[in-house]
Amino acid sequence: MHVIRRRGWEIPERLASPEHLFFNRRALLAASGAAALSLSPKISLAQRISDLPDPTKDLYPASRNEKYTLDRPVTDEKINTNYNNFYEFGSTKSVAKAAQALKLRPWTVKIDGMVEAPQEIGIDDLIRKMPLEERLYRHRCVEAWSMAIPWSGFPLAKLVELAKPLSSAKYVRMETFLDPSVAPAQKQSWYPWPYVEGLTIAEASNELAFLVTGAYGKPVSKVQGAPLRLAVPWKYGFKSIKSIVRFNFTDQRPKSYWEALQASEYGFWANVNPQVPHPRWSQATEEFIGRNERRPTLIFNGYAEYVADLYKGLERERLWA
Ligand SMILES: Nc1nc2c(c(=O)[nH]1)N[C@H]1C(S)=C(S)[C@@H](COP(=O)(O)O)O[C@H]1N2
Ligand SMILES: [Mo]
């Protein structure tokens, strides 16, 4: 068991290697692979019906909220959808093809724990209840690469309102689906499945915390974390949990997937800070994927004006890992 666990620990180091230098060729291969797959008669008819048409397609493109601006160009969609972390489908960046196995309907979201309004709600009912908008957000992975993405969705604060947390609730713990028949890597017992992430209720209520239902003007794709994923752009990318099925309100600080794997490297807060290196690499700069460009990393990934106040008085906590 000890030896097997080390395999998990080694992954971030390998991913921090200059793998992305080979990106363009690999992305092309992955893109053509994904295209071939979607036309393949080997995909069952039922699977194709469950994929098409998306029942919320009419809601996109959502109108853009111009408040959230970028200091860099939007990443090409082909690049964003062919260079992904989604460990349920494998530990490389080329998981777009494997992620096609994900079945998006029916999809039920459970809201439970310390709330006045526990409920199970179908994803289409949830999305149609919510005010969709588009936001341009930066994304900074802990592996020191970044992208800029036009997400569509709604503020996580709206889901918190729907749940009506009790005053005793302090955190929201989010969970990804668990289905090894769809996501083969979930058979690998040395990983702490399902993927879990958490925020304080104050963080979840911050205007920047965004539940993503769309990207690039259409429903969000499987490899991007369909049908519902988080975007918390002031934190390292691993906080932005994909394909969420449960929001559990609790007074216990959630232990996230990466913290469970390697607590010496990944913690609860995981706010972006260029001055605090990861134990195994610098966080001072980032590779802006697809542009062959290294950029300086910004404190809170450039979102300090929105979120710095959340951390006043918490200076003794491990805010930056
Ligand atoms: N369920 C789940 N969510 C996840 C991950 C994952 O492996 N599984 N990877 C995280 C990491 S490390 C990053 S950088 C982002 C990647 O999102 P993207 O594919 O949209 O770039 O998803 C995050 N959310
Ligand atoms: Mo990441």
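Residues numbered from 1 in each chain as written. Chains lettered and ligands numbered in written order. Predicted model: local features only at pLDDT ≥ 70, side-chain atom pairs only at ≥ 80, totals over all residues. Heavy atoms only, no water.

A separate point is the packing of aromatic side chains. The tally for this structure, following the rule as stated, stands at 24 aromatic pairs. Ring centres of Tyr 87 and Trp 258 lie 5.1 Å apart, and the angle between their planes is 85 degrees; on these two criteria the pair is classed as edge-to-face. Residue Tyr 87 is found in the loop between helix 4 (77-80) and strand 1 (108-113), and its partner Trp 258 is found in helix 8 (residues 257-261); the two are separated by 171 residues along the sequence. In this structure, Tyr 87 and Trp 258 share a single accessibility class: buried. With a centroid separation of 5.3 Å and 85 degrees between ring planes, the pair formed by Tyr 257 and Trp 258 is classed as edge-to-face. Judged by relative accessible area, Trp 258 falls into the buried class, the value being 7%. Taken together through their ring pairs, the aromatic side chains of Tyr 87, Trp 190, Tyr 191, Trp 193, Tyr 195, Phe 238, Tyr 257, Trp 258 and Tyr 266 make up a single cluster. Note that Arg 138 overlies the ring of Tyr 303, its terminal NZ or CZ placed 4.4 Å from the centroid. Lying over the aromatic face of Phe 268, Lys 239 brings its terminal NZ or CZ to 4.5 Å of the ring centre. (Phe/Tyr/Trp six-rings, centres within 6.5 Å; stacked < 30°, edge-to-face > 60°. Helix = DSSP H or I, 4+ residues; strand = E, 2+ residues; numbered from the N terminus. Buried < 20%, exposed > 50% of the residue type's maximum accessible area, 1.4 Å probe, protein only. Lys NZ or Arg CZ within 6 Å of the ring centre and 35° of its normal.)

Taken together, the five strands give an open sheet; going across it, the order is 2-1-10-5-6, and neighbouring strands pair in mixed fashion. One side of each edge strand has no neighbouring strand; the edge strands of this open sheet are strand 2 (119-122) and strand 6 (196-200). On average, each strand axis in the sheet is tilted by 15 degrees relative to the strand beside it, whichever way the strands run. (Pairing = 2+ DSSP bridges. Axes fitted to C-alpha atoms, helices over the stretch in contact; angles between N-to-C directions.)

The subject of this paragraph is the site of ligand 1. Contacts to ligand 1 come from 17 residues, most closely from Asn 84, Tyr 87, Glu 88, Arg 229 and Lys 242. For ligand 1, whose accessible area on its own is 540 Å², the fraction buried by protein is 99%. Placement of ligand 1 is best described as lying within the largest cavity. Grouping the amino acids of the shell around ligand 1 by side-chain chemistry returns eight nonpolar, six polar and three charged. (Near = heavy atom within 4 Å. Areas by Shrake-Rupley, 256 points an atom, 1.4 Å probe, with all protein chains shown as cover. 1 Å grid on protein atoms, 1.4 Å probe; cavity = no way out; pocket = protein on both sides within 12 Å on 5 of 7 lines; lining within 4 Å. Sits in = over half its atoms within 2 Å of the grid points. Nonpolar A, V, L, I, M, F, W, Y, C, P; charged D, E, K, R; others polar.)

Moving on, we get to the nonpolar core. In terms of nonpolar packing, the biggest core is built from 88 residues, with Leu 126, Leu 156, Phe 247 and Phe 249 touching the most fellow members. Once residues within four sequence positions are removed from consideration, Leu 156 is found in contact with Leu 199, Ala 204, Ala 209, Phe 210, Leu 211, Leu 230 and Phe 247. (Core = buried A, V, L, I, M, F, W, Y, C linked by side-chain atoms within 4.5 Å. Contact = heavy atoms within 4.5 Å.)

With that settled, the discussion passes to the side chain of Ser 240. Note that Ser 240 resides in the loop between strand 9 (229-231) and strand 10 (244-250). Among the polar contacts made by the side chain of Ser 240, one reaches the main-chain amide nitrogen of Val 232 at a distance of 3.1 Å. Here Ser 240 is in contact with Arg 229, Leu 230, Ala 231 and Val 232, once residues within four sequence places are set aside. (Polar contact = N/O pair within 3.5 Å; in protein donor to acceptor, adjacent residues only side chain to side chain.)

With that out of the way, let us pick up the pattern of salt bridges. Per the stated rule, a full pass over the model turns up 23 salt bridges. When the shortest N-O distance is used, the salt bridge between Arg 72 and Asp 71 registers 2.7 Å. For Asp 71, a relative accessible area of 37% puts it in the partly exposed group. Salt bridges here are not isolated pairs; linked through shared partners, they connect Asp 71, Arg 72, Arg 138, Arg 140, Glu 286, Glu 293 and Arg 295. (Salt bridge = Lys/Arg side-chain N within 4 Å of Asp/Glu carboxyl O.)

What follows concerns the pairing of strand 5 (residues 171-176). For strand 5, a buried count of five out of six residues is recorded, marking the element as mostly surrounded by other parts of the structure. Where strand 5 meets strand 6, five bridges bridge the pair, whose relative direction is antiparallel. From the neighbouring strand, Arg 173 faces strand 6, where its bridge partner is Gly 198. Pairing between strand 5 and strand 10: six bridges, direction antiparallel. Considered in strand 10, the bridge of Tyr 171 is made with Thr 250.

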